[in-house]
Amino acid sequence: MLALRVWKSSSHLITLVSRAVPVNIRTKTRARVRCCSSPSSTAAATSSPIVTPGTSDRRRRSSSSTSDRDSIRAIRLKKVEELRSRGYEPYAYMWNRSHTASQLQEIYSNLANGEECKEVSVSIGGRIVARRAFGKLAFLTIRDDSGMIQLYCEKESLTEDQFEQLKTFVDIGDILGASGSIKRTEKGELSVYVKYFEILTKSLLPLPDKYHGLTDIDKRYRQRYVDMIANPEVADVFRIRAKIVSEIRKTMESLGFIEVETPVLQGAAGGADARPFVTYHNSLGRDLYLRIATELHLKRMLVGGLEKVFEIGRIFRNEGISTRHNPEFTTIEMYEAYSDYQSMMNMAEEIVTRCALVVHGKLNIDYQGTEISLQRPWRKETMHNLVKEATGVDFSEFGNNVEDAKEVAKGILGIGSEDKDNNLVQTCPSVGHVLNEVFETIVEPTLIQPTFVLDYPVEISPLAKPHRRYAGLTERFELFICGREIANAFSELTDPMDQRNRFEEQIKQHNKKRAALVTGSKSAEGKTEVDDCSYEVSLDEDFLTCLEYGMPPASGMGLGIDRLVMLLTNSASIRDVIAFPILKIQQQVSS
Amino acid sequence: MADGVEAAAESVAGLSMDSSKAEAPSKNALKKELKKKQKEEEKRLKEEEKKKKAAAMTSSQSQKPSSAEDEDMDPTQYYESRLKALASLKAVGVNPYPHKFLVSMSVVDYVEKYGRLRDGEHLKDVEVSLAGRIMNKRASSSKLYFYDLYGDGVKVQVMADARDSDMDEVEFARYHAGVKRGDIVGICGYPGKSKRGELSIFPKKFIVLSPCLHMMPRQKAAPGADNDAAKKNEGKTPSDVWVPGMTRNPETYVLKDQETRYRQRYLDLMLNHEVRQIFKTRAKIISYIRHFLDNLGFLEVETPMMNMIAGGAAAKPFVTHHNELNMKLYMRIAPELYLKELVVGGLDRVYEIGKQFRNEGIDLTHNPEFTTCEFYMAFADYNDLMALTEQMLSGMVKELTGGYKIKYHANGVDKDPIEIDFTPPFRRLDMIEGLEAMANLSIPKDLSSEAANKYLLDACEKFDVKCPPPQTTARLLDKLVGHFLEETCVNPTFIINHPEIMSPLAKWHRSRPGLTERFELFVNKHEVCNAYTELNDPVVQRERFAGQLKDRQSGDDEAMALDETFCTALEYGLPPTGGWGLGIDRLAMLFTDSQNIKEVLLFPAMKPQDEPSTKDGKVMMEYIGATGIPVSFTGVPIERKIDFHFLLSFAIDADPSGKPQNGIFSPCWASTLTPTAVQAVKAHHPNVKVMASLAGWSLGKKIIHWYKPADPQLWIANAFTSLQSLATRYHLDGIDIDYENFPKNDTSFAFCIGELITMLKNQSVITVATIAPYYKTVGNYLDLYRQYSGVIDYVNHQFYTDRVRMPTGYLKAFKRRARQFNATKLLPSYEVKGRGIQGDAFFEALKLLESNGFEVNGVMIFSADASSSNGYYYERKSQAFLLNSTANGNVGWSTVRDG
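Small disclaimer: the values here were computed from a predicted structure and weren't measured.

The rules we used
- Residues numbered from 1 in each chain as written.
- Chains lettered and ligands numbered in written order.
- Predicted model: local features only at pLDDT ≥ 70, side-chain atom pairs only at ≥ 80, totals over all residues.
- Heavy atoms only, no water.
- Contact = heavy atoms within 4.5 Å.
- Buried area = accessible area lost by both parts, 1.4 Å probe.
- Salt bridge = Lys/Arg side-chain N within 4 Å of Asp/Glu carboxyl O.
- Phe/Tyr/Trp six-rings, centres within 6.5 Å; stacked < 30°, edge-to-face > 60°.
- Helix = DSSP H or I, 4+ residues; strand = E, 2+ residues; numbered from the N terminus.
- Buried < 20%, exposed > 50% of the residue type's maximum accessible area, 1.4 Å probe, protein only.
- 1 Å grid on protein atoms, 1.4 Å probe; cavity = no way out; pocket = protein on both sides within 12 Å on 5 of 7 lines; lining within 4 Å.
- Points joined across faces, edges and corners; volume = space filled by probe spheres on them.
- Nonpolar A, V, L, I, M, F, W, Y, C, P; charged D, E, K, R; others polar.

Undergrad: Before we go on, may I ask you to explain the interface of chain A and chain B in this structure?
TA: How large an interface is tends to be reported as the accessible area lost when its parts come together. Contacts between the two partners involve 110 residues from chain A and, on the opposite side, 123 residues from chain B. Taking both sides of the interface into account, the surface hidden between chain A and chain B amounts to around 9700 Å²; carbon and sulfur atoms contribute 59%. Along the contact surface separating chain A from chain B lie ten salt bridges. Of the charged contacts, one joins Arg290(B) and Glu259(A) as a salt bridge, the two residues approaching to 3.7 Å between their closest N and O atoms.

Here's what the structure looks like:
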């Protein structure tokens, strides 16, 4: 539940008041009358009839609502002028609130229907989301950060001028400050019995129609604030997100980790295999890359003697967008000296369960209709075993025979030689890569309950330490929940010679793949693939030098915060958990 | 050598405590007993030493070098010998990088737990395992080694005695001989304290976990007090470490070299123990802010770092490109607009702590990426925020330092530090009133008027306050405020109520027309916070953006761009809101006594150390755009392995009629050479640099002269600003000086141009500067060259004016010029379809130069305009020549760096 704290301020004195309030008020259903236009706006009075959703209808409606919008805007602009001419400022400087809506709901929850607390004086501020006006009576519903409350406005208890102002100048969408006593109506609605109000901010544009405006998914992301005004539960996702990040931070700090900031702009982008963004620094006169991981810089800190470090920050990858991918996303990466990947599994369980408890108060959660049990311990299984279990094939039997492995893999994946997916397997330079292709296609989607997949092949793990027992494997795991990779961790490779070989191998593979794709396909599709690999991968000599100074044995983990938030907020798309996701350039709809 | 003596003494002390376990009846008796034992020990040690020496003699050179000898090796030898040692370990199946060492206790906890042992006390029954890095090694004998082990910045002594070890003596001696300073080791052993009170661990097991292959930098043993200071620093224990608010002096660090400290921060952290405290302080600052805001019910959010528009501040953004979406994106310069959109959306109190990016030069207070905190608070105004700021900052100082005052070396580490007092409330200084009072001015009330501009212009002149153009009223005011008000703001001071023209996002003042409700907090004369009552009237906001547009058109690059999305959001209604921004790096600098922002950034942006990959620093230089015909970069052959400099011809400080503009340069090169074209050629060819050539022979029919500027300082200031703006617009890397007509007896040229180049280089506006004398102007250019050769990278003398047509003549001319200018900076040159030597004879001349011992370090060609019709024959052939040239270029001049 949200803990709300109110900051009360008078001109010279600051006092802090904090009070915990349950937040369920917002979820109460409430009859809402009209959302879009106010009765006084004549042009909008011809509010469009409810139209069944459909592409042609939608276009028609959007064009008509544009003209509605413009006329409403013109009318409200006139109101702004009119108010100013009467000596009111329609954009106020401040408003002292004594309470938030949910605090009032909490304090007066026991007030009986029809009862009034005449002696109290409260003041409140928020956006008008509904209004009903009768002859001498008006009901407004306002919403603030915490929830909603009704304003009970009676002609007799307001000055003549104010009631007039209320009827003529106040629209849905305006931000209002109101003060008065408390009353619960006969119908049981807790209300502020308004004695005085001020228009704090005059809104110029109508709020979207509850039933129409929000079907426009694109607009929801482009104008997130409109989405939030219309759908208060949207804001809850971001409240939970903040809570999760805060919980992670608390966990790390309680374990003695120190938070650091490493650069976003780098001379070479390393620590992962991904296409970077490139930019240009004018005064240095050189290209810079946006980081694709924080790994290599955080490891430098281990060498420097910070034994437990972490960074929560933005990562950038110049890749496509999907329900799981946004070009910029947030991760936490952590590194701990003298530990190995076993201890990181503990850490992963600890972080995810603590976050789940803080959000849901329990470890059995629902994600898109599936119940996920986060009860520890979580399943641990090696990659080889999982593939064997799913396909019956034991890839460790292939040794170094890539061609045989490819043939078998194609059989498993049902790829013919003419298939466009053929390239995926065909370009694999090693058995490890083939195994990974099979794993990603066949096994990954089935890992619904939390599963640690252990011991990845060395060929696809250039920064992980060789397995202490099994040749060809590394001490690495990935954590999967709901078929999605949530975390990636390993015992860190500390041998600089080995690391150099791995980097060189990685670059060789990258260049080979690039060359193969250039010569292999000339189709339009091939072109985008070529484009995918067309960036340079370079050796980070500085990092290798740093390793030569000696890095303590350590383990590290990267955890995708957006994906964790998706899981814990039951969100289907990454765009639901990022306030302003990157979107395609808006297409102009041709008429 | 001194080290050896000390080590022996210490070993004596250390050993004696071993034997002092027996109960002693009295202090005196104990002392006597001790002395006796000490003597015995010394005797034993001496004998051991003798034996060892004898052994060493007999086993001759096959013995591994001792650690003392290691220090005499050069770093490359050392590195190679360590690599060999590793390889031989791997060859016999030993992994020098073990997977896991179980640590039972951190060094910090160890010191905490056993720090209170009595001197000489040993806990033989306790087993502890520690790990860390060895920062010091002293061998007392082959059976006894002392190490300093560091974990998380804290030291504990390791006393490895063969008698405690689980290895036999031979193995023990061999193993420890291979352990080097810098290695990461794991130790299992028991705790104890030496007689002298030094907390130690006595290992049973001792394992190298990660060897350090490089020789660890060591404090150079300097005579006198310096050395003492260093010792003191090296031996610091956690109890006397630096805390925020105290002064620091990096000059006393073990590792002093700034380049190394910033480029290899891990070494800095390893060797300079204060450094970790800087970053801990930084973490504490951020953590304090976070808790402070969380307690007030603020919600931490994340807004995009890549946007379609870079808004919310006035600064030059980084540009990047999303491939799949084929979309140009800007790195954010401020999160302001997005955060306000969230307040529109109903999140009444939001904040974001994160990176901002500005494509600006790097200096003592600027890094291209930096961290800020911005918060927005609905229903609050700037008065509330001032109170909040006081509360936050004074509370932070109190928590970090225990008091309200901090010490800071505002005038350099060699001067006494100043004291900065954060006791609330902070001083408040009304901007206009303050300025009028301090400078005795009476500024016209309507600041948007011409009269106000004129008045402030005069004021600047009167007080000798420099304001390079464009001299907008906002900029003039800013300079005056900087001069009169900010200089007085050492203790935290709010400068409040800025004029509207300076604050496009702040709300107009409720009672004072023309002003806004805004404050900036200055500490030690630097801006730390900037906040205001937010402008939420969309109509007024649009007007303000329009006003900014006017300033942009008058040349102020720092004016703000209109963000339509943001204006639309305001039309949905932003509640009355107070908004606030804080520079976290600046604050961290104050609390850690750092004068350079690089001190508080783990990995600050650094200028590239050298320009690699191009062949020996050979350069191809080509004038382009002089004739005004539509010439383009595409088509000019560019050899990947040679630095290619295009010289845009020309930037001229005269108006079209030829009237001098007092240093204000405008581009007069072919209009086809647009900023986009420059950007494109540079993007395709990383080895290309583009420069502006200044002046040239004529503009149209008007001959361009160097005119002696009446006020050289003003000329320099104008030239700097106009070239800075040209450099930004055209992505320029440098300038070429090509004035060709001089008045008699001029001395101003050398001074003005020399100072200009120096300034441009010092402020990282340019990286390259070249000069182009011809036979008549050599005197003028020599004046310049003699005084400023340090900032001049090449002399592209116009040999084609030297009236030589044969290779032998060319050689003679080159010899003559090489005596006047430095031969390695001098480039041979060729005029396509022009004067002097023509055709392949030029390449004969180049060969002749080389056979006469000259290094042909590059070629200058005039010009691309003429070459396009002959397929760039001379460009191709010159580059081929440079590529095949066998002579080594001079690395000294090929690395273009400032200073």
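What follows picks up the thread again.
Undergrad: What is the right way to read the packing of aromatic side chains from this model?
TA: Any two aromatic rings considered together are summarised by their centre-to-centre distance and by the angle between their planes. Scanning all chains against the criterion turns up 52 aromatic pairs over all chains. Taking the centre distance of 4.3 Å and the plane angle of 55° together, the rings of Phe580(A) and Tyr338(B) count as tilted. In this pair, Phe580(A) sits in the segment after helix H16 (561-569) while Tyr338(B) sits in helix H11 (residues 336-344), so the two residues belong to two different chains. Here the aromatic rings of Phe742(B) and Tyr781(B) are separated by 6.1 Å at their centres, their planes lie at 90°, and the arrangement is edge-to-face. Placement of the pair is Phe742(B) in the loop between strand E25 (734-739) and helix H21 (748-762) and Tyr781(B) in helix H22 (residues 778-788), with a sequence separation of 39 residues. What makes Tyr781(B) buried here is its relative accessible area of 0%.

Undergrad: Looking at this structure, I do not really get unusual backbone geometry. What am I missing?
TA: Trans is the prevailing form of peptide bonds, just as negative phi is the prevailing case for residues other than glycine. Pro425(B) follows Pro424(B) through a cis peptide bond whose omega is -5°. Tracing the backbone through its elements, the reader meets Pro425(B) in the loop between strand E13 (418-421) and strand E14 (427-430). Even without glycine at this site, Tyr338(A) takes up a positive phi of about 65°. Mapped onto the secondary structure, Tyr338(A) falls in the loop between strand E13 (328-337) and helix H8 (341-360). For Tyr338(A), a relative accessible area of 8% translates into the label buried. With a phi close to 55°, Cys482(A) is a non-glycine residue in the positive phi region. Topologically, Cys482(A) is positioned in the loop between strand E18 (476-481) and strand E19 (484-491). By relative accessible area, Cys482(A) is classed as buried at 17%.

Undergrad: What am I meant to see in empty space enclosed by the protein here?
TA: Once rolled over the atoms, a probe with the size of a water molecule shows which space is left empty. Here the structure, examined in full by the defined rule, presents eight cavities of 30 Å³ or more. Within this model, the largest cavity holds a volume of roughly 200 Å³. In terms of lining, the largest cavity is formed by 21 residues, of which the most central are Arg143(A), Asp144(A), Asp145(A), Gly345(B) and Gly346(B). Broken down by secondary-structure element, the contributors of at least two residues to the lining of the largest cavity are strand E3 (116-133), helix H5 (224-230) and helix H6 (232-254) of chain A together with H11 of chain B. Class assignment of the residues belonging to the lining of the largest cavity gives a composition of eleven nonpolar, three polar and seven charged. At the level of elements, helix H7 (295-304) of chain A together with strand E1 (128-141), strand E2 (144-151), helix H9 (265-271) and helix H10 (273-295) of chain B are the ones that each hand at least two residues to the lining of the second largest cavity. For the lining of the second largest cavity, the class distribution of residues is eleven nonpolar, six polar and four charged.

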